Amino acid sequence: MTGDIDKARRIAIEAHEGQTKKTGGPIIDHVARVAAGVEGEDETIVAWLHDVVEKSPEWTLDRLRQEGFSEEVVQAVDALTKRAGEEHAELVRRASDNSLARSVKRADLADNLAQAEVSGVDASKYRIGLRILENDR
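First, a word on scope: everything that follows refers to the structure included in this document. Note that the coordinates shown come from a computational prediction; the quantities given were computed from them, not determined experimentally.

### Details of helix H2 (residues 27-36)
Reasoning step 1: If you check which residues of H2 are buried, you get Ile27, Ile28, His30, Val31, Val34 and Ala35. End-on, the buried residues of H2 take up no more than an arc of 155°, which puts them together on one face.
Reasoning step 2: On its buried side, H2 packs onto helix H1 (3-15), helix H3 (41-49), helix H4 (52-55) and helix H8 (99-119).

Below, the structure written as structure tokens:
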């Protein structure tokens with residue numbers, strides 16, 4: 001594991017400590033599955049960081065820059081971070097427009113879909129998101 005991947009993993013573990021998914025289970029388990037579902041160093045870094053800014057107020061895009069992550073990685077995390085009042089489809093389209101974020105969003109949606117189906121939570125937004133990604137190719 002490269003230094004930046006390890007740093008991203010440590011940040012994610014710290015940022016998501018005690019947080020749980022709506023479908024149950026620790027958020028960090030989801031993040032780890034997403035990271036395992038992508039290829040390449042930058043994609044793996046982004047996967048570890050994809051929920052950090054959205055779910056942990058102490059983490060910002062600027063703080064990720066200060067930690068030494070590349071602007072490409074920071075922009076991909078930004079593309080994966082839901083804005084206040086934003087519809088899920090808008091988030092998916094924004095992520096799809098960023099080549100580095102696209103594969104991470106696909107892994108994120110696939111994991112969310114699998115977990116929603118297992119737990120009986122409505123999975124329709126994840127199916128729609130995956131269709132949006134496929135159509136935007």
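### Quick notes on the pattern of salt bridges
Reasoning step 1: For the structure on display, the rule yields eleven salt bridges.
Reasoning step 2: Note that Lys55 is salt-bridged to Glu54, the shortest N-O span being 3.5 Å.
Reasoning step 3: With a relative accessible area of 29%, Lys55 lands in the partly exposed category.
Reasoning step 4: Taking the shortest distance from any N to any O, the salt bridge between Glu134 and Arg106 comes out at 3.3 Å. Residue Glu134 is located in helix H9 (residues 124-135), and its partner Arg106 is located in helix H8; the two are separated by 28 residues in the primary sequence.
Reasoning step 5: Residue classification places Glu134 among the partly exposed positions, given a relative accessible area of 40%.
Reasoning step 6: Residue class for Arg106 comes out partly exposed when judged on its relative accessible area of 23%.
Reasoning step 7: Three or more residues joined by partner-sharing salt bridges are found here, namely Asp6, Arg9 and Arg10.

### Overview of a negative patch on the surface
Reasoning step 1: Together, Glu14, Glu17, Glu58 and Glu67 line one region of the surface with negative charge.
Reasoning step 2: Mapped onto the elements of the fold, Glu58 is located in the loop between H4 and helix H5 (61-66).
Reasoning step 3: Classification of Glu58 as partly exposed rests on a relative accessible area of 42%.

### Quick notes on helix H7 (residues 88-96)
Reasoning step 1: Within H7, burial applies to His88, Leu91, Val92, Ala95 and Ser96. Down the axis of H7, the buried set is contained in an arc of 135°. They therefore lie on one face.
Reasoning step 2: For H7, the secondary structure elements touched by its buried residues are helix H6 (71-79), H8 and H9.

Basis of the calculations
- Residues numbered from 1 in each chain as written.
- Predicted model: local features only at pLDDT ≥ 70, side-chain atom pairs only at ≥ 80, totals over all residues.
- Heavy atoms only, no water.
- Buried < 20%, exposed > 50% of the residue type's maximum accessible area, 1.4 Å probe, protein only.
- Helix = DSSP H or I, 4+ residues; strand = E, 2+ residues; numbered from the N terminus.
- Arc of directions from axis to C-beta.
- Contact = heavy atoms within 4.5 Å.
- Salt bridge = Lys/Arg side-chain N within 4 Å of Asp/Glu carboxyl O.
- Patch = residues over 30% accessible without salt bridge, like charges linked within 9 Å, V, L, I, M, F, W, Y side chains within 5 Å.
- Areas by Shrake-Rupley, 256 points an atom, 1.4 Å probe, with all protein chains shown as cover.
- Lys, Arg positive; Asp, Glu negative; His and termini not counted.
- Charge placed at Lys NZ, Arg CZ, Asp CG, Glu CD.

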